[in-house]
Amino acid sequence: MLSTRAGARVVAECAAYGTVKDRKNIMRSLKGYTRSSLLHRDAYIAVLRLADVVDDTVTLDKNVLVELQENPDAKNKSDSPILDLALSETGSKLFLMLLPKNDEARLKYFDPYELEVLHSNPTILEKGEEVPTSKKNPDTRRMELSQHLRVSLVDLCQKHAGELLRSTSGGKVLREVNRAFSNAEVIKSIVKACDEKVDDDDEKLPIFEDPVGHLVVKHLLTDDAESGEEKEKSNSFSTLLYKKFKGKLMSSIGTSNRGAFVLTALAKVDAVKDDVIAELLKHNSDIKALVDEHQSKKAGFLALWNEIQPSTK
């Protein structure tokens, strides 16, 4: 049934409206097929729905999620066993469902069909009253499941920051792991990946010029700027990124339009903005020249130039 869109929808609905026993039977039937189901274009939605409604998260972990801790098909045995899932459009949805701390952040990762299947609080009629089919608070459920996956997720981001940064799906997972767990080693791995040298004959672009990578870095910086939490400034992504490229912000980051967008985001982070703007003002004329030179692709340079101008008044 899981091999078709309609069949996967039926399994998802059975998970949503079934009894505890029904859900356990579905979990048993998925044993050995969790990874392949999450990577399948249709089957993944049934796994997501199961994780979204099962109250017994320990049993779900033991019967469904545990097999994600090993990947016998991995080409490199030292790779994270969930790397293939994080880089997959469908597999990554499991992590993107569990990690965000609020519905606003979570719902943006799902399309209308997925939201229809994963609608909140399914109910059944009992004696004329609507009764929820799940008893546990959804936030509690997601928190418990994310904790089951925490070690694997942190390990994934430490080992594969560069691959995740260059992946649309992986970048989203990396961002949410950083938001949820704020691990110092993960942040160091991201900064290291940003400084990764690229050979001239390599097909890859530097992270700050990569069409996906520069956006992920920009979003990580935006998270630092918008965070209402009191974090150790010395351990924040923005601070470590600034320290890594201090004195060479323009030469290492700002020579491309995409890199200029990254610097604009960095200049908005309170922890480093004064130092960043002071350094960039030394290149004010160079930035203006880049604005004038790149007429077709100058939005990043123009945003950067505008961002640092208030400091000159």
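Scoring rules and cut-offs
Residues numbered from 1 in each chain as written. Predicted model: local features only at pLDDT ≥ 70, side-chain atom pairs only at ≥ 80, totals over all residues. Heavy atoms only, no water. Helix = DSSP H or I, 4+ residues; strand = E, 2+ residues; numbered from the N terminus. Buried < 20%, exposed > 50% of the residue type's maximum accessible area, 1.4 Å probe, protein only. Contact = heavy atoms within 4.5 Å. Areas by Shrake-Rupley, 256 points an atom, 1.4 Å probe, with all protein chains shown as cover. Polar contact = N/O pair within 3.5 Å; in protein donor to acceptor, adjacent residues only side chain to side chain. Pairing = 2+ DSSP bridges. Axes fitted to C-alpha atoms, helices over the stretch in contact; angles between N-to-C directions. Parallel < 35°, antiparallel > 145°, perpendicular 65-115°, else oblique. Nonpolar A, V, L, I, M, F, W, Y, C, P; charged D, E, K, R; others polar. Salt bridge = Lys/Arg side-chain N within 4 Å of Asp/Glu carboxyl O. Core = buried A, V, L, I, M, F, W, Y, C linked by side-chain atoms within 4.5 Å. pLDDT = per-residue confidence, 0-100. Phe/Tyr/Trp six-rings, centres within 6.5 Å; stacked < 30°, edge-to-face > 60°. Lys NZ or Arg CZ within 6 Å of the ring centre and 35° of its normal.

Let's shift gears to the overall build of the protein chain. In terms of regular secondary structure, the protein chain is built from 20 helices and two strands. Its C-alpha atoms give the protein chain principal-axis dimensions of roughly 75 × 45 × 40 Å. The burial tally for the protein chain puts 48% of its 313 residues in the buried class. For the protein chain, contacts bridging at least 24 residues in sequence account for 70% of all contacts bridging at least 6. Accessible surface, the protein chain: about 16000 Å² in total, of which carbon and sulfur atoms supply 50%.

By secondary structure assignment, the location of N257 is in helix α17 (residues 257-266). Within the local environment of N257, its side chain forms a polar contact with the backbone nitrogen of G300, the two atoms lying 2.7 Å apart. Every residue in contact with N257, bar those within four places of it in the chain, is listed here: K297, K298, A299, G300 and F301.

Where strand β1 (residues 123-126) meets strand β2 (residues 129-132), four bridges bridge the pair, whose relative direction is antiparallel. In the sheet register, E126 faces β2, and the bridge partner there is E129. Counting the residues that bridge the hairpin from β1 to β2 gives two residues, and of these K127 lies at a positive phi of roughly 55 degrees.

Attention shifts here to the packing of helix α14 (residues 213-226) against α17. Helix-helix packing: each pair is described by the crossing angle between the helix axes and the interaxial distance. At a minimum axis distance of 9 Å, the contact between α14 and α17 shows a crossing angle of 5 degrees. Relative to α17, the element α14 is oriented roughly parallel. Touching H214, V217, K218 and L221 of α14 are R258, F261, V262, A265 and L266, all from α17. In the contact of α14 with α17, the residues fall into six nonpolar, one polar and two charged.

At their nearest, the axes of helix α1 (residues 5-17) and helix α4 (residues 44-53) sit 8 Å apart, and the two run at 5 degrees to each other. Between α1 and α4, the angle is such that the two are roughly parallel. Along its contact with α1, which presents A8, V11, A12, A15 and A16, the element α4 presents I45, A46, R49, L50 and V53. Residues of the contact of α1 with α4, tallied by class, amount to nine nonpolar, no polar and one charged.

For the coordinates displayed, the defined rule picks out 23 salt bridges. A salt bridge links D210 to R166; the shortest N-O distance between them is 3.9 Å. A residue pair is termed long-range when its members are at least 10 positions apart, and D210 in the loop between α13 (184-194) and α14 and R166 in the loop between α11 (161-165) and α12 (168-181) qualify at 44 residues. R166 carries the same exposure label as D210, and that label is buried. For E307, the salt bridge identified is with K268, shortest N-O distance 2.9 Å. Of this pair, E307 sits in helix α20 (residues 299-308) while K268 sits in the loop between α17 and α18 (273-281), and the two are 39 residues apart along the sequence. The partly exposed category is assigned to K268, whose relative accessible area is 42%. One salt-bridge network, in which partners are shared between bridges, spans R49, D52, D103, R106, D139 and R142.

With 86 residues, the main nonpolar core has L94, L153 and V217 as its most contacted residues. In terms of residues, this core owes the most to one element, α4, which gives eight residues.

Taken as a whole, the protein chain shows an average pLDDT of 93; of its residues, 96% reach a score of 70 or greater. The spread of mean pLDDT over the elements of the protein chain runs between β1, the lowest at 91, and helix α7 (residues 92-98), the highest at 98.

Another point: the packing of aromatic side chains. Inspection of every chain in the model, using the stated rule, returns one aromatic pair. The positively charged end of R5 is found above the aromatic ring belonging to Y113, 3.6 Å away from the centroid. Above the ring of W305, the side-chain terminus of K288 is found at 5.7 Å from the ring centroid.

Let's shift gears to the side chain of K93. Tracing the chain through its elements places K93 in helix α7. Take K93: its relative accessible area is 9%, and that puts it in the buried class. Excluding anything up to four places from it in sequence, K93 contacts Y44, L48, Y109, F110 and E114.

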